[in-house]
Amino acid sequence: MRSIVLTKGVPDFSEGAVSFDEDGHLERGKTPTVMNPNDAFALEAALQTKVRHGGRVSGMSMGPPGYADVLKGAMESVYTDDSYLLSDRELAASDTWATAITLSAGLETYQEEVADIDIVFAGFKTADGETGQTGPQTCWAMDWPIVTHVVALDIDPDERTLRAKRLVEGDVDEIETVEAPLPCFVVTDPEFEPTYRKASHRLTHKQLRAETEERAAEHDEHLTTWDHVDLDLDPDYIGLDGSPTIVSSVDPIPKAPSEREATMIDPDDGMDDVLEEMQPYAAEAGD
C-alpha cells in the first residue's frame, strides 16, 4: 500500500511570536512552526495501514524551507518512509484553493515519478485557518472518492476497497460504516484511534520504531523538494495571484500581561489559617 499524508506547519502560539505582513498575511518564514495537531491522527491512520498491509508512507507538505522540520517530525513520531516538500516563493500567501491546486500537482507528480498512490490521508482542520477545506479541495482536484470524519478503518487490498467508520455530522453518538474504492482520500477525525489487535501487528509496530529512528537522523537524505516548475504550475494560478480569498482584517493575538498582581504572605503572619483551609485538599490528594 502506498499512502501519502498531507501535513502542514502551523504557528506555535505558545511562543507568542506570530508575524504578519502589512496586508495581514501570515509570514510563515518568520514565525515559529509546529506540525498541525490534527495531522497526527492522519499520520496514525497511515501508520496503521502500513503495519497491517505493508507498503510505504510518505509525508507531503507545502510551505517554506523550514517546513522540512515539520516533515522530519512526522518521520520521527509516526514513521514515514520519506518526505516531499512543495516549496517556492511563488507559492507564498496561498489560500486553501491555491494550496489544494499545488498539493494535487504534487500528488500527480508523485504518481508520475515515484509510484501509484492508494490512499491520501489528511487531518480534519488546521489550528490556524480552521477551515477544513484543503483536504476535500485537493480531493476534488484529483477527482477521487473521499471519506471524512473517519474514526476507524481497514483495507481490503485484494478487492481494492476501504471500509471505514465515520462520525455522522460530527455526532460522536452516531457512527456509520461506509466503503470506498481505492485510490481515495481519508480525512481523519480527532476521535480516530489506531488499533493493533494481532501480536504480529504490535511486533511490526515496534520494529518500525527502531527503523525510523535511524532514518529520521538522516532526514535530508529522504527529503525531496519540488518547486512550481517541477510541478508544472502556472504562477497565475498559485500563491497569492491564484487565491480568491481576501483577508479583510487580522485580530492580534492577545499576550499575557508581563506582570501579574500577587499578594505577599509572611510565613509568620496568618499561614496557620491558610494551612488549615488547604488540609482537606491535601488529604484527598494523598488518597
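Heads up: these notes are all about the structure in this document. Just so it is clear, the structure is predicted and the values come from calculations on it, not from any experiment.

1. Here's the deal with helix 5 (residues 199-217)
Taking 1.5 Å as the rise per residue, helix 5 with 19 residues should run 27 Å; its terminal C-alpha atoms sit 28 Å apart, in good agreement. Buried within helix 5 we find His201, His205, Leu208, Thr212, Arg215 and Ala216. Of the surrounding secondary structure, the elements contacted by the buried residues of helix 5 are helix 1 (39-53) and helix 2 (68-78).

2. A closer look at the state of the cysteines
Among covalent bonds in proteins, the disulfide is the one between the sulfur atoms of two cysteines. In total, this model carries zero disulfides according to the counting rule given. Of the cysteine sulfurs around Cys139, a residue in no disulfide, the closest is that of Cys184, at 8.2 Å. On the accessibility criterion, Cys184 (0% relative accessible area) is buried.

3. Focus: the pattern of salt bridges
Pairing between side chains of opposite charge can happen when their charged atoms approach one another. Taken as a whole and assessed by the stated rule, the structure comprises seven salt bridges. As a salt-bridge pair, Asp81 and Arg215 come within 4.0 Å of each other at their nearest N and O atoms. In this pair, Asp81 is assigned in the loop between helix 2 and strand 5 (82-86) and Arg215 in helix 5, connecting sequence segments 134 residues apart. On the basis of relative accessibility, which here comes to 13%, the residue Arg215 falls in the buried class. With a shortest N-O distance of 2.5 Å, Arg160 and Asp118 are connected by a salt bridge. Separated by 42 residues along the polypeptide, Arg160 in the loop between strand 7 (146-156) and strand 8 (161-168) and Asp118 in the loop between helix 3 (96-113) and strand 6 (119-122) bring together distant segments of the chain. Residue classification places Arg160 among the partly exposed positions, given a relative accessible area of 33%. Among the residues examined, Asp118 registers a relative accessible area of 10% and is labelled buried.

4. As for the pairing of strand 1 (residues 2-6)
Most of strand 1 is tucked away: four of the five residues are buried. Sheet topology note: the strand 1/strand 4 (residues 56-62) ladder contains five bridges and is parallel. In the strand pairing of strand 4, Ile4 is matched with Ser58. The sheet contact formed by strand 1 and strand 6 spans four bridges and is parallel. Looking at the pairing, Ser3 lines up with Ile119 of strand 6.

5. So, the nonpolar core
Formed by 27 residues in total, the largest nonpolar core has its most connected members in Ile119, Phe121, Leu153, Leu162 and Val186. Those elements that provide at least two residues to this core are helix 1, helix 2, strand 6, strand 7, strand 8 and strand 10 (184-188). Among the elements that make up this core, the one with the highest residue count is helix 1 (six residues). With residues near it in sequence (within four places) discarded, Val186 still touches Ile119, Val120, Phe121, Ala122, Val147, Val150, Leu153 and Leu162. Counting 21 residues, the second-largest nonpolar core is a separate cluster that includes Leu6, Leu91, Trp144 and Trp226.

6. Examining a negative patch on the surface
On the surface, a cluster of negative charge is made up of Glu108, Glu112, Glu113, Asp230 and Asp232. You can see Asp232 is positioned in the loop between strand 11 (223-226) and helix 6 (271-286).

About the criteria used
In this numbering scheme, every chain counts its residues from 1 along its sequence in written order. Local features are withheld for residues below a pLDDT of 70 in this predicted model, meaning they are given only at 70 or higher, and side-chain atom pairs are given and counted only at 80 or more; totals for whole chains, interfaces and linings count all residues. Here the side-chain values reflect all heavy atoms present in the structure, with hydrogen atoms and water set aside. The helix count covers DSSP runs of H or I at least four residues long, the strand count covers runs of E at least two residues long, and both are numbered beginning at the N terminus. Here the expected span of a helix is defined as 1.5 Å times the quantity of residues minus one. Note on classification: 1.4 Å probe, protein chains only; a residue is buried when its accessible area is under 20% of the maximum for its type, exposed when over 50%, partly exposed between these limits. Contacts: residue pairs with any heavy atoms within 4.5 Å of one another. Our working definition of a disulfide is a cysteine sulfur pair at a distance within 2.5 Å. Any Lys or Arg side-chain nitrogen found within 4 Å of a carboxyl oxygen on Asp or Glu counts as a salt bridge. One bridge is not enough; two strands pair if DSSP finds at least two bridges between them. What we call a nonpolar core is a set of buried Ala, Val, Leu, Ile, Met, Phe, Trp, Tyr and Cys residues that are connected through their side-chain atoms within 4.5 Å. To count toward a patch, a residue needs a relative accessible area above 30% and no salt bridge. Like charges then connect within 9 Å, nonpolar side chains (Val, Leu, Ile, Met, Phe, Trp, Tyr) within 5 Å. Per-residue and other accessible areas were derived by the Shrake-Rupley procedure at a 1.4 Å probe size, with only the shown protein chains allowed to occlude residues. Only four residue types enter the charge count, namely Lys and Arg as positive and Asp and Glu as negative; His and the chain termini do not. Think of each charge as sitting on NZ of Lys, CZ of Arg, CG of Asp or CD of Glu.

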